[in-house]
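If you want the building blocks of each chain, they are given just below.
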Amino acid sequence: MSQAIKHGCKLLFIVAGFAFAIGVPSCAKKKSSPEPTVEKVVEPAAPAHASVDRLRFNQLAVRLDLPLYWTCDADGDSAIDPDEVAALLFYPTRGEWVRDGAFSPAFEDAYEAIAAADVAPAVAVDLPAVEKKRRESVLEELDQGRPTLVMTDVRDITAEQRAMLGLLLDAGELIDELFARTLGISALASKVPAGDVASRSMFRRNWGPECVFPKTENDPDCSAIPGAPRPAVDVYPAEIQDEKGEFCQALEKHDDAKKLLAPFVVVRGPADALTAVPYTEAYSEEMGAIADKLDEAARTVLDPEEAALVTYMKAAAQAFRDNDWAKADEAWAAMSSTNSGWYLRIAPDETYWEPCSQKAGFHMTLARIDKASLEWQGKLEPIRQEMEDRLAARCGSPYESRQVTFHLPDFIDILVNCGDDRSPMGATIGQSLPNWGPVANEGRGRTVAMTNLYTDPDSIVTRKAQASSLLAAQSMKDFTDEETPGLLATILHEASHNLGPSHEYAVKGKTDDQIFGGGLATLMEELKAQTAALWFVAMLVEKGILTPQDARRSYTDGLVWAMGHISRGMYTDSGQRKPYSQLSAIQVGFFMEKGALVFDETAKAANGTDVGAFVIDHAKLPSAIDELMGIVGQIKGTGDRKAAEAIAEKYVDGKVVPMGVITERILRFPKASFVYAVQY
């Protein structure tokens, strides 16, 4: 995208929602003078398709469940043009909005519907009161997400790559269907009221009927389905599940807990006779169809330079048939930014999606490799063993340094996220995989940083406005729109998942899941990684890789990131921990207690209007980070569950952090809700 287009989008974001009237001098005639003869001036016609501004257009398209997006007002005429339209993926319908360079009849119908929705009552007034309230809550839920486009143009790829891409997108749709089944929502789609397009859109975007955005997730009226049914995930018997997730603790104490809570099995049977059933048996039809698509995609690629990708697709296909993910992980770990131009991960991996945080969720990440990652790899690879040694020393006994051989993060540009990857709110910006097996245990996994997310002009302007509402002016000076601080944090966070006492590290033969339980184990691992991401900054300054100014910017960026996650709340409505929100509260609260971060109730924020602002003390912050790193490292290294619960209770459930202030200011702005389009 050109700089002109970027600036046009940014300007439009700033002025959206405001109307300006330009005064025109009066041309009243004078009676004492003869009326001059003038030719009639024909005013130029107003641009077509200009009745709805861009942000409102995209908001209404979501409400109407239309796979349509106005990308940018490139020419600044406040009207949508054919070259400013994207057709979105992952909707129940596909829109052909442009044909032969002009708008199609389908677009004209869509625009008419959007323009009508802009002036019509948001919810029909003749509905019963209960239903009217539910639909109003649905609209509030939808509007908390700002549709944010991830659009990729790969029309320059070869014919065989184009064929492969089409098959992988098909596989991604099958992953969506499989993930929906594991969530237990497939049977609920028919319960969304006919004709209620907003509820249908919310059900699609949110992966089910429940509201997930901060203002509405605890609203009992907010549901895509009347009566607000709560789905029961399919990986456990519905009859044993309860709203508070207490069945998870019961499973952890079960005699067969190790088998029942293994990541690649579902639990079946009555409560008194539970058994573990492999994914490939429980979901044989769906997984077989995905395997077939992967095999077909592998056959299309004949380029010898993509041999590693072909090997992985074949291995992944086999894993979808036999549940042996370790072999697929070996093939996947053998891929890198030097032997493939593509990044593909299709597997069950992360566990955050289900109430017990034990079962691997199905997903597909498809991306292109960004070769810029080679520069950072060149800087960090020579010191990765020293990073492990220093972190081990800070964690202390009984953890001991080990040889590490993990890949430093590849930079990737996301094409699509499918299944567990595609969140209704935000998106993963870094990941380290796999989570289990020899590749993970031996530090041979891959880490990635997603470089094309949150880089759009709307997201940049929003984040700066949020930061300036919370930080005092002197601290705002270290905030930057540049990508480097956030990208560096992602690199260090993901690298740190491979350092120190990680997921498979055992204390007296027990892993972190067995010691802490799924939710707390996830929190402590993410807290370790994010604290280490801050902690390693000082080492990089010492090595001359970063400047002191870079460090200040990185710390500031990390604190703004944390405040954004605090605004999302600490728990789901079913009581499940939100790991990033909770680690953020622990960090911010700890730094406040150490005087490294001060909330001055009388100070003006950098935006000049809000009263009460955070001041970062950069003289105290590095030592506070170091102290927190030692505490977290000891908890992980010794398997101290009581200490983990205590630190979470103090800062997550306590009154140290002014969460209300942070939440109110962050939530003035809709959160990014990513939508996807691929041109190929």
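For clarity, every value in this text was computed on a predicted model and none was experimentally measured.

Procedures and definitions
Residues numbered from 1 in each chain as written. Predicted model: local features only at pLDDT ≥ 70, side-chain atom pairs only at ≥ 80, totals over all residues. Heavy atoms only, no water. Helix = DSSP H or I, 4+ residues; strand = E, 2+ residues; numbered from the N terminus. Rg over C-alpha atoms; globule rule 2.2 N^0.38 Å. Buried < 20%, exposed > 50% of the residue type's maximum accessible area, 1.4 Å probe, protein only. Contact = heavy atoms within 4.5 Å. Lys, Arg positive; Asp, Glu negative; His and termini not counted. Charge placed at Lys NZ, Arg CZ, Asp CG, Glu CD. Pairing = 2+ DSSP bridges. Arc of directions from axis to C-beta. pLDDT = per-residue confidence, 0-100. Axes fitted to C-alpha atoms, helices over the stretch in contact; angles between N-to-C directions. Parallel < 35°, antiparallel > 145°, perpendicular 65-115°, else oblique. Left-handed = near helix turned anticlockwise from the far one by under 90°. Nonpolar A, V, L, I, M, F, W, Y, C, P; charged D, E, K, R; others polar. Phe/Tyr/Trp six-rings, centres within 6.5 Å; stacked < 30°, edge-to-face > 60°. Polar contact = N/O pair within 3.5 Å; in protein donor to acceptor, adjacent residues only side chain to side chain. Salt bridge = Lys/Arg side-chain N within 4 Å of Asp/Glu carboxyl O. Core = buried A, V, L, I, M, F, W, Y, C linked by side-chain atoms within 4.5 Å.

Asker: Let's hear about the overall build of the chain: which residues, and what values?
Answerer: Each helix and strand counted, the chain has 25 helices and 15 strands in total. Against the compact-globule benchmark of 26 Å for 680 residues, the chain has a radius of gyration of 26 Å, which places it among compact chains. When the backbone C-alpha atoms are referred to their principal axes, the chain occupies close to 105 × 60 × 60 Å. For the chain, with 680 residues in total, the buried portion stands at 54%. A separation of at least 24 residues holds for 73% of the contacts in the chain among residues at least 6 apart in sequence. Taken together, the 70 basic and 100 acidic charged side chains of the chain have centroids lying 4 Å from each other.

Asker: Give me the pairing of strand β12 (residues 446-450): which residues, what numbers.
Answerer: Burial analysis of β12 places five of its five residues in the buried class, which makes it a mostly covered element. Along β12, one buried face is formed by R446, V448 and M450 and the opposite face, lined by T447 and A449, is buried too. By the bridge criterion, three bridges tie strand β10 (residues 410-419) to β12 in an arrangement that is parallel. By the bridge assignment, I412 is partnered in β12 with M450. Of the pairings in the sheet, the one linking strand β11 (residues 430-433) to β12 comprises four bridges and is antiparallel in character. Among the inter-strand pairings, L433 is bridged to a residue of β12, identified as R446.

Asker: Talk me through the environment of R390; I want residue IDs and the actual numbers.
Answerer: In this fold, R390 is placed in helix α14 (residues 384-395). R390 sits in the partly exposed class, given a relative accessible area of 26%. Counting along the chain gives eleven residues from R390 to S401, while the straight-line C-alpha distance between them is 8.4 Å.

Asker: Could you give me a rundown of helix α13 (residues 373-380), with the residues and numbers involved?
Answerer: If you check which residues of α13 are buried, you get S373, W376, Q377 and L380. Along α13, the residues classed as buried sweep out an arc of 105° about the axis, all on the same side.

Asker: Give a description of the confidence of the model for the chain that names residues and reports values.
Answerer: Taken over all residues, the pLDDT of the chain has a mean of 91, while the share at 70 or more is 93%. In the model, residues 1-38 has pLDDT below 50 throughout and makes 26 contacts with residues more than four positions away in sequence or in other chains.

Asker: For the packing of helix α22 (residues 579-593) against helix α23 (residues 621-638), give the residues involved together with the corresponding values.
Answerer: Running from amino to carboxyl end, α22 crosses α23 at an angle of 125°, the nearest separation of the two axes being 10 Å. Between α22 and α23, the crossing angle belongs to the class labelled oblique. Considering how the two elements wind past one another, α22 and α23 form a crossing that is right-handed. Residues I586, Q587, F590 and F591 of α22 pack against L621, A624, I625, E627, L628 and I631 of α23. A class-by-class count of the residues in the contact of α22 with α23 yields eight nonpolar, one polar and one charged.

Asker: An account of the packing of aromatic side chains is requested, with residue identities and associated values reported.
Answerer: Inspection of the entire model under this criterion finds 23 aromatic pairs. Their ring planes at 35° and their centres at 6.0 Å tell us that F107 and Y111 sit as a pair that is tilted. Here F107 and its partner Y111 are both found in helix α3 (residues 105-119), four residues apart, which amounts to about one turn of the helix. Measuring from centroid to centroid gives 5.3 Å for Y236 and F247, while their planes differ by 70°, and the two rings are edge-to-face. Here F247 lies in helix α7 (residues 246-252) and Y236 lies in the loop between α6 (197-205) and α7, a separation of eleven residues in the sequence. Of the residues examined, Y236 reaches a relative accessible area of 2% and is grouped as buried.

Asker: Can you break down the pairing of strand β8 (residues 342-348) residue by residue, with the values?
Answerer: Burial within β8 is extensive, with seven of its seven residues counted as buried. Here seven bridges tie β8 to strand β9 (residues 362-370), and the two strands are oriented antiparallel to one another. Counted as the bridge partner of P348 is F362 from β9.

Asker: Describe in detail the sheet that holds β12, supporting the description with residues and values.
Answerer: Taking strand neighbours across the sheet as the criterion, the five strands line up as β8-β9-β10-β12-β11 in an open arrangement whose pairing is mixed. Each edge of the sheet is formed by a strand with only one pairing partner; in this case those strands are β8 and β11. Averaged over all neighbouring strand pairs, the angle between strand axes comes to 35°, with direction disregarded. Running at roughly 150° to β9, helix α5 (residues 159-183) makes contact with β8, β9 and β10 of the sheet.

Asker: How would you sum up the side chain of R422? Please name residues and give values.
Answerer: Position of R422 relative to the elements: it lies in the loop between β10 and β11. Of the polar contacts made by the side chain of R422, one reaches the backbone oxygen of N417; its length is 3.0 Å.

Asker: How would you explain the pattern of salt bridges if you had to name every residue and give the values?
Answerer: Summed over the entire model, instances satisfying the criterion amount to 47 salt bridges. Of the charged contacts in the structure, one is a salt bridge between R390 and E542, with a shortest N-O distance of 2.7 Å. With R390 in helix α14 and E542 in helix α20 (residues 518-542), this pair connects stretches of sequence that are 152 residues apart. Put simply, E131, R134, R135 and D196 are held in one network by salt bridges that share partners.

Asker: Talk me through unusual backbone geometry; I want residue IDs and the actual numbers.
Answerer: Of note, the bond from S397 into P398 is cis; its omega dihedral lies within 30 degrees of zero at 15°. Within the secondary structure, P398 is located in the loop between α14 and β10. Note the cis peptide between L433 and P434, where omega equals 0°. Structurally, P434 is set in the loop between β11 and α15 (438-441). We note that A228 has phi near 50°; this positive angle belongs to a residue other than glycine. When you line up the elements, A228 lands in the loop between α6 and α7.

Asker: Can you break down the nonpolar core residue by residue, with the values?
Answerer: Core analysis: the largest hydrophobic core is formed by 106 residues, its most contacted members being Y236, F320 and I346. Here this core takes eleven residues from α5, the largest share from any one element. When near neighbours in sequence (up to four residues on either side) are disregarded, F320 contacts I175, T280, M287, G288, I290, A291, L294, W325, I346, A347 and F362. Ranked by size, the runner-up nonpolar core spans 77 residues in total, among them L471, F591, L597 and A644.

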